[in-house]
Amino acid sequence: MFSPSTYVDRRRRLFEADEPARGLVLLLGNELSAMNYADNPYPFRQDSTFLYYLGVDAPGLAALLDLETGSTCLYGANPSLDDVIWRGEHPTRDDYADAAGVSTTADRSSLAADLADARASGRPVHFLPPYRPGHKLRLADHLDLTPAQVADRASSSLCRTIIAHRSQKESVEIDQLEDAVETTARMHRYALRHARPGTTERELAGTLAGLADAHGAGLSFRPTCSVHGEVLHNHEYNNTLDTGNLLLVDAGATSPHHYAGDITRVAPVGGRFSSRQRAVYEAVLEAQVSAIDAIEAGRTFRDIHLHACTVLTEHLIDIGLMKGEASAAVEAGAHALFLPHGLGHMLGLDAHDMENLGEDLVGYAPDQTRSDQFGLHALRLARPLAPGFVVTVEPGCYFIPALIDQWRADQRHARFINYDTVEDFVGLGGVRIEDDVLVTETGARVLGPNIPKAPDAVEALASAG
Ligand code: GLY
Ligand code: MN
Ligand code: MN
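Residues numbered from 1 in each chain as written. Chains lettered and ligands numbered in written order. Predicted model: local features only at pLDDT ≥ 70, side-chain atom pairs only at ≥ 80, totals over all residues. Heavy atoms only, no water.

(A) Representation of the coordination of the manganese ion (ligand 2). Taken together, the protein ligands of the manganese ion (ligand 2) are D250 (OD), D250 (OD), D262 (OD) and E434 (OE), with distances of 2.0 to 2.5 Å. For the manganese ion (ligand 2), the 6 donor atoms in the first shell make angles of 57 to 170° at the metal, a pattern classed as irregular. Expressed as a motif, the donor residue spacing for the manganese ion (ligand 2) is D-x11-D-x171-E. Between the two metals, the manganese ion (ligand 2) and the manganese ion (ligand 3), the spacing is 3.2 Å, and D262 donates to both. Here D262, found in the loop between β7 (246-251) and β8 (263-268), pairs with E434, found in the loop between β11 (430-432) and β12 (435-439); they are 172 residues apart in sequence, far enough to count as distant. For E434, a relative accessible area of 0% translates into the label buried. (Donors = N, O, S within 2.8 Å, 3.2 Å for Na, K, Ca; no water. Tetrahedral: all angles 85-135°; square planar, octahedral: opposite > 155°, others 65-115°. Helix = DSSP H or I, 4+ residues; strand = E, 2+ residues; numbered from the N terminus. Buried < 20%, exposed > 50% of the residue type's maximum accessible area, 1.4 Å probe, protein only.)

Here is the structure:
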């Protein structure tokens, strides 16, 4: 945990925020969640907002923040003798409260009664949208709502305030993100060096998970580690690497305080890009580097996204996959055949940071609306950037047979796409290059140590073995 004053200061900002103005804020910590029977739970992951304001990384807790008095009560149970016998000694509720700078604690069993008292005296109870069924049931139970009502009554004013706080990373958070990227870099260097014919995706994915566990606090998300990088979130590891494949690894480790790394690299199996692979790889790399260079506070991420799409399209025109004028092709959405996702997202305690609070609330300013154009619609982050934001920059280029077949059959954007050439590239898979970037007062800084991405440097690692 950070120092108690970190959490006191964060809660003070919540108390002083313009919205929500009155009532109580209920923050639920997570519970252990059974995988296949109760005593065999998934690894515990605390709720990120609970971690942000309380820091306590243990199941079975809740906090009630009184917006009128500025006081916080931490609810939880002390370890029972049975807990000690089976799980060992653990901190008490008061130990956790001290670490979080909280002066009032209560047994978990009194939370429902305290909430009932608040409601009886007409005080609003603000809570976050549930993302686990267990949250929804607990909220329904505590607030005398049906589970269906819970989602509707979650507090968007609370979400907006929390998003404003968590978007602006403090220096202790940047340190954690650097730490996460350090472990993530270790994973990627390993993958680049071991992209060898005969290695299986499963062996690699297992080793990457081991590195995240051994040097960090585990994985940020289930990695993609595949020679089928055209499947955007490919979570299967059934292939054996073969000379000439492109291996795409999108993986990240978490730091000790659960901040997420999220990085993608691509390696030529056998150590050499083919000329087609190299051309596509260089197109994506130029789009990525140019997007990072274009980042500045005040500029919208939507603008940076469109800039990256235009750079990519210029290269795809040079390669012969596209034709016409790049900016017109991007405006029409023709490039989305190759890049159907957005340039990136916020990064922090979550890989897709705060997305449980509402993807549009996190990613779009009130005066921005999400496009309904294929490709642009998938842009998670569009809003103006500010110093302290940490974002991913992750353009890609994919040859997705089902998408190509459908567009070709419809002759979609035929004015901008050379479908015959596209057919020649089917089987290449996908290329994505992703880094984690801090927006600064003067531009942007890529977090963590260098992870090779220039094609020659990638080949050198992949052929060194
Ligand atoms: N790893 C998921 C993403 O890059 O968004
Ligand atoms: Mn990623
Ligand atoms: Mn990402």
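There's plenty left to go through after this.
(B) Quick look at the side chain of T313. Secondary-structure assignment places T313 in helix α12 (residues 301-319). The class for T313 is buried, based on a relative accessible area of 0%.

(C) Molecular detail of the packing of aromatic side chains. Within the structure shown, the criterion is met by 7 aromatic pairs. With centroids separated by 6.4 Å and ring planes inclined at 50°, the aromatic side chains of F2 and Y259 adopt a geometry described as tilted. Pair noted here: F2 is in the segment before α1 (4-16) and Y259 is in the loop between β7 and β8, with a separation of 257 residues, a long-range link. Y259 carries the same exposure label as F2, and that label is buried. Here F338 and F399 contribute two aromatic rings whose centre-to-centre distance is 5.8 Å and whose plane-to-plane angle is 70°, an arrangement assigned as edge-to-face. You can see F338 sitting in the loop between α13 (326-332) and α14 (359-363) and its partner F399 sitting in the loop between β10 (396-398) and α15 (401-410), a full 61 residues away along the chain. Through successive ring pairs, a cluster of aromatic residues spans F2, Y7 and Y259. Between R10 and the ring centre of Y52, over which it is positioned, the NZ or CZ distance is 4.0 Å. Geometry around F425 places R276 over its ring, the cationic atom sitting 5.0 Å from the centre. (Phe/Tyr/Trp six-rings, centres within 6.5 Å; stacked < 30°, edge-to-face > 60°. Lys NZ or Arg CZ within 6 Å of the ring centre and 35° of its normal.)

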